[in-house]
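The primary structure of each chain is shown beneath.
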Amino acid sequence: MLKDRTAIAGIGETSFGKLLPASEERLACEAILAALDDAGIAPREVDGLCSFTMETTDATEVARNIGAGDITFFSQVGYGGGAGCATVGQAAMAVVAGQANVVVAWRSRKRSARSARIWASAADSVAASGRWSRPWGLLRPADEVAMLARRYMHQFGATREAFAEVALALRAHANRNPRAAMYSRPLSRDEYMTARWVSEPLCLFDCCLESDGALAAVIVSRERARDCRRPPVYIHAFAQAMPRQIYSMTNYFCEDPLRTPSFVCGKLLWRDCDFTPADVKVAQIYDAFSPLILFALEGFGFCGRGEAADFVRGGRLRWDSGAVAVNTAGGSLSEAYVHGFNLITEGVRQMRGTSTAQVEGANCCLVASAEAVPSGALLLRS
Amino acid sequence: MADVPSWAGEEDAPFWQGVACGELRVQSCARCRRLRFPPRPFCPLCCSPESAWQPMSGRGTLWSYVIVHPPLVAPFAELAPYNVIVVALEEDPAIRMVGNLLAEPHGPINKVKPDQIRIGARVKAVFSEGPGGLRLPRWIYE
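The rules behind these values
- Residues numbered from 1 in each chain as written.
- Chains lettered and ligands numbered in written order.
- Predicted model: local features only at pLDDT ≥ 70, side-chain atom pairs only at ≥ 80, totals over all residues.
- Helix = DSSP H or I, 4+ residues; strand = E, 2+ residues; numbered from the N terminus.
- Rg over C-alpha atoms; globule rule 2.2 N^0.38 Å.
- Buried ≥ 20, exposed ≤ 12 C-beta atoms within 10 Å, placed from the backbone.
- Contact = placed C-beta atoms within 7 Å.
- Nonpolar A, V, L, I, M, F, W, Y, C, P; charged D, E, K, R; others polar.
- Pairing = 2+ DSSP bridges.
- Axes fitted to C-alpha atoms, helices over the stretch in contact; angles between N-to-C directions.
- Domains from an automatic or database assignment.
- Left-handed = near helix turned anticlockwise from the far one by under 90°.
- Expected span 1.5 Å × (residues − 1).
- Parallel < 35°, antiparallel > 145°, perpendicular 65-115°, else oblique.

A tally of regular secondary structure across chain A gives twelve helices and twelve strands. In terms of overall dimensions, chain A is globule-like: its C-alpha atoms have a radius of gyration of 19 Å, near the 21 Å expected for 382 residues. Its C-alpha atoms give chain A principal-axis dimensions of about 55 × 50 × 45 Å. A burial count over chain A gives 62% of its 382 residues as buried. Sequence separation of 24 or more characterises 77% of the internal contacts of chain A that already satisfy a separation of 6 or more.

The secondary structure content of chain B amounts to one helix and eight strands. When its helices and strands are written in sequence order, chain B yields α-β-β-β-β-β-β-β-β. Taking 14 Å as the expected radius of gyration for a compact globule of 142 residues, we find that chain B reaches 16 Å, a close match to that expectation. Along the first, second and third principal axes, the C-alpha set of chain B runs to 45 × 35 × 25 Å. For chain B, the proportion of its 142 residues judged to be buried stands at 32%.

Moving on to the interface of chain A and chain B. Contacts between chain A and chain B engage 28 residues on the former and 33 residues on the latter. Every element with two or more residues in the side of chain A that touches chain B is listed here: α4 (141–156) and β5 (197–200) of chain A. If you tally residues by element for the side of chain A that touches chain B, the top one is α4 of chain A, at six residues. For the side of chain A that touches chain B, the residue count by class is 16 nonpolar, five polar and seven charged. With two bridges connecting them, β5 of chain A and strand β4 (residues 59–68) of chain B associate as antiparallel partners. By the bridge assignment for β4 of chain B, Ser199 of chain A is matched with Val68 of chain B.

Turning our eyes to something else, we now look at the sheet that holds strand β12 (residues 375–381) of chain A. Residue and element names in this part refer to chain A. The strand order across the open sheet built from ten strands is β3-β2-β4-β7-β1-β8-β12-β11-β9-β10, with neighbouring strands paired in mixed fashion. Each edge of the open sheet carries a strand with a single partner, namely β3 (73–77) and β10 (325–326). Sheet strands in contact with helix α8 (residues 261–271) are β8 (233–241), β11 (364–368) and β12, and its direction is about 135° off that of β8.

A few words on the pairing of β12 of chain A. Residue and element names in this part refer to chain A. Counting buried positions along β12 yields seven of seven residues, so the element is predominantly enclosed. By the alternation rule, side chains of β12 split into Ser375, Ala377, Leu379 and Arg381 and Gly376, Leu378 and Leu380, which are all buried. Pairing of β11 with β12 involves five bridges; the strand directions are antiparallel. The partner of Ala368 across the bridge, within β12, is Ala377. Taking the residues between adjacent antiparallel strands as the criterion, β11 and β12 are bridged by six residues.

Quick look at the domain arrangement of chain B now. All names here are of chain B. Domain boundaries in chain B define domain 1 (1–55) and domain 2 (57–142). Centre-to-centre separation of domain 1 and domain 2, based on C-alpha positions: 21 Å. Along the lines of polarity and charge, the residues of the side of domain 1 that touches domain 2 split into seven nonpolar, one polar and no charged.

Moving on, we come to the pairing of β11 of chain A. Residues and elements named next belong to chain A. In terms of burial, β11 is largely enclosed, as five of its five residues are buried. Residues Cys364, Leu366 and Ala368 line one face of β11 and the alternating positions Cys365 and Val367 line the opposite face, and both faces are buried. Sheet analysis places strand β9 (residues 282–285) next to β11, joined by four bridges and oriented parallel. Bridging from a neighbouring strand, Ala283 pairs with Leu366 of β11.

All names here are of chain A. Between α8 and helix α9 (residues 291–299), whose axes approach to 8 Å, the crossing angle comes to 35°. The interaxial crossing formed by α8 with α9 has right-handed handedness. Side by side, α8 and α9 meet where Ser262, Phe263, Cys265 and Gly266 of the first sit next to Phe295, Ala296 and Gly299 of the second.

The next point concerns the sheet that holds strand β2 (residues 35–36) of chain B. Residue and element names in this part refer to chain B. The strand order across the open sheet built from three strands is β2-β1-β3, with neighbouring strands paired in antiparallel fashion. Of all strands in the sheet, those with a lone pairing partner are β2 and β3 (51–55), marking the two edges. Where strand β1 (residues 25–29) and β2 come together, two bridges link them in antiparallel fashion. Following the sheet pairing, Gln27 is matched in β2 by Arg36.

This next bit is on helix α5 (residues 160–174) of chain A. Turn by turn, an α-helix covers 3.6 residues, leaving residues three or four places apart pointing in a common direction. Compared with the 21 Å implied by 1.5 Å per residue over 15 residues, the 21 Å span of α5 of chain A between its first and last C-alpha is a close match. In terms of residue burial, α5 of chain A counts as a mostly covered element, since 14 of its 15 residues are buried.

Turning to the packing of helix α3 (residues 84–96) of chain A against helix α12 (residues 341–352) of chain A, a few remarks are in order. All names here are of chain A. Running from N to C, α3 and α12 cross one another at 60°; their axes reach a closest spacing of 7 Å. With respect to each other, α3 and α12 are oriented oblique. Contacts from Gly84, Cys85 and Val88 of α3 reach α12 at Phe341, Leu343 and Ile344. Its residues assigned to classes, the contact of α3 with α12 comprises five nonpolar, one polar and no charged.

All names here are of chain A. The end-to-end C-alpha distance of α12 is 17 Å, a good match for the 16 Å that twelve residues give at a rise of 1.5 Å each. When we look at burial in α12, the residues that qualify are Phe341, Asn342, Leu343, Ile344, Thr345, Glu346, Gly347, Val348, Arg349, Gln350 and Met351. Phi turns positive, to about 80°, at Gly353, one or two residues after α12.

Residue and element names in this part refer to chain A. Along the polypeptide, Tyr79 turns up in the loop between β3 and α3. The class of Tyr79 is buried, set by 23 C-beta atoms lying within 10 Å. A C-alpha to C-alpha distance of 8.8 Å links Tyr79 and Ala370, two positions 291 residues apart in sequence. Excluding residues that lie within four positions of it along the chain, Tyr79 makes contacts with Ser248, Val373 and Pro374.

Right, here's the structure in full:
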């Protein structure tokens, strides 16, 4: 069992922004070196590397740049935004299994240029995974998630008010976080309700930002973590999930498309856990699109199936609500879109007590990767 | 075969050949008869690699929809806002297909008003040309 046997000893981030001049390779190494410095661990001690299959910076490049020692664990996790938590979770498994001692998990991404958007070439090159949707004009991730969101609204009687609760809470958190892209841009309910559509029922403010940036975390054993520069943030539980008959992004073809990965992930996550959903006062949940947070709140058991719209009503996702604070740095909607890795670093800050929207009395934090694809989740504790 | 798009998967050809002759076909297991879509080499129920293709009635119900707005790429950009729907087939509501809702059989994908699109409405398949001249199954209200 993984329970508390490893910890995140260090985190590092570059600045986030539009059209950053540095390459993804440079940003990756900058974030990794910052994370190692945060932990107080020398780069030559790194013997494990874990990232996303979509990562463009090769592990050997990272190892050479930072002057790592001999690497004995290297791994990549697939499915884009579904990968974040699993890069950390698999690093933890490698440490517990004795395959490595100091593992770095990272994500570096430059996505703010229009040409960097994956869907921009979708119409003429129908990729293998899109051949049952793109010929009909379902082109972008926003369209693919909007289809599930509309079905969700119909099946459970939810309205756009629930999406607005998500967008407004996250924006309020970003307004407290000077590193967030939307730090100085408040958002009103009126602005939300009158915003332009992207893919109806999703409007502009239901969709994540497009950002450049890189982040990293350093995973070591609990014994090692106790000797590091910062207080350890323990990896209490980890789960991955690929629900039966899932289709990545266009999950319309199985028996129950709204049984999202978190329904499966949650079962494993809570199984060996000292906490229940009722104990969780803060969560960082992947939010490329606002409805994904509603799906996850149900899947992880914060409320019953179909009840998330009621659950979030009245600002209950806000940091000071006393319910469950979600995405306390602003998330992908309002801090930066870096494939959800900023949810992991914010989870660590909450456990260290250093968030700009610090949740009082929070002794554990759920971090969950993307709902629309095979995914993963972590439960961190202080 | 010209009717089968170049990017089709190796199991997909009978679907597109059906579309070319105005028939909606779905793959089924040759052993246990279970329908499956999208096409794939093995039956998820009994793992048989033998499949047979069945003609469908072309009737279904609208399961979900979106109205797609810019920014978009060609050739869809000029059609926006347009609809994309998912239809659950009458033969097995767990068999669902992405399509478009048309006002008339050969009409464009942006003519049905958004407030006239209803989940649960009965629809039937029609066949019309999509981008690049490819013939696609699409849907009209029954």
